[in-house]
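Letter by letter, the chains look like this.
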Amino acid sequence: MGLNEQRTVRVHIGELVLDGFGRVDPERVSEAFQAELGRLLRERGVPLAADGGQALDALAGLPPLPANLSARRLGQELARAVHTGLSGGGEVTP
């Protein structure tokens, strides 16, 4: 692949389950999550997808997050945790 070629990476997340976070605005969490994950994918890519198409059913074993985060910060931290999983951290279920 040449330097100017870009790969397309598609990430589809069916559901984010938030246990133990009290009442948070799911729309704000989702907006922050999408923005941060998009930024991380553009800047850092997805190492697990470097060899071509790969589908993952689930990511587990991701780092715990503090329960007192704002909706925006929670979305950002969730995106970072998911990106860590897509980068080889955590447990992957293909």
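It should be noted that the structure appears before, not after, this text.
None of these values were measured; they are calculated from a predicted model.

Comments concerning the pattern of salt bridges
Within the structure shown, the criterion is met by 5 salt bridges. As a salt-bridge pair, R73 and E77 come within 3.1 Å of each other at their nearest N and O atoms. Separated by 4 residues within a single helix, R73 and E77 lie in helix α2 (residues 71-86), roughly one turn from each other. Among the residues examined, R73 registers a relative accessible area of 37% and is labelled partly exposed. Assessed through its relative accessible area of 19%, E77 is described here as buried.

Points about α2
Side chains three or four residues apart in an α-helix point the same way, a direct result of the helix having 3.6 residues per turn. For α2, which comprises 16 residues, the first-to-last C-alpha distance of 22 Å matches the rise-based estimate of 22 Å (1.5 Å per residue) to within 8%. With 12 of its 16 residues buried, α2 lies for the most part within the structure. Within the sequence span of α2, burial applies to A71, L74, G75, Q76, E77, L78, A79, A81, V82, H83, G85 and L86.

Concerning the side chain of H83
You can see H83 is positioned in helix α2. Dropping the residues within four chain positions of it, H83 is found in contact with L37, L40, L41, R44 and G45.

Here we look at the nonpolar core
In terms of nonpolar packing, the biggest core is built from 12 residues, these being F21, V29, F33, L37, V46, L69, A71, L74, L78, A79, V82 and L86. Residue assignment for this core shows that the elements contributing at least two residues are α1 (26-44) and α2. When residues of this core are assigned to their parent elements, the largest contribution, 6 residues, is made by α2.

Describing a nonpolar patch on the surface
Nonpolar side chains collect at one region of the surface, where V11, I13 and L16 lie side by side and expose about 200 Å² of accessible area between them. Relative to the helices and strands, I13 is located in the segment before α1. For I13, a relative accessible area of 32% corresponds to the partly exposed category.

Points about the environment of R44
With respect to the secondary-structure elements, R44 resides in helix α1. Sequence spacing of R44 and H83 is 39 residues, and the spatial spacing of their C-alpha atoms is 9.2 Å.

Looking at the environment of V46
In this structure, V46 sits in the loop between α1 and β1 (58-60). Counting along the chain gives 35 residues from V46 to V11, while the straight-line C-alpha distance between them is 10.0 Å.

With respect to the side chain of E36
Take E36: it is sitting in helix α1. A polar contact of 2.9 Å, which involves the side chain of E36, links it to the side chain of R80. If we skip the residues at most four places from it in the chain, E36 touches Q76, A79 and R80.

Rules behind the numbers
Residues numbered from 1 in each chain as written. Predicted model: local features only at pLDDT ≥ 70, side-chain atom pairs only at ≥ 80, totals over all residues. Heavy atoms only, no water. Salt bridge = Lys/Arg side-chain N within 4 Å of Asp/Glu carboxyl O. Helix = DSSP H or I, 4+ residues; strand = E, 2+ residues; numbered from the N terminus. Buried < 20%, exposed > 50% of the residue type's maximum accessible area, 1.4 Å probe, protein only. Expected span 1.5 Å × (residues − 1). Contact = heavy atoms within 4.5 Å. Core = buried A, V, L, I, M, F, W, Y, C linked by side-chain atoms within 4.5 Å. Patch = residues over 30% accessible without salt bridge, like charges linked within 9 Å, V, L, I, M, F, W, Y side chains within 5 Å. Areas by Shrake-Rupley, 256 points an atom, 1.4 Å probe, with all protein chains shown as cover. Polar contact = N/O pair within 3.5 Å; in protein donor to acceptor, adjacent residues only side chain to side chain.

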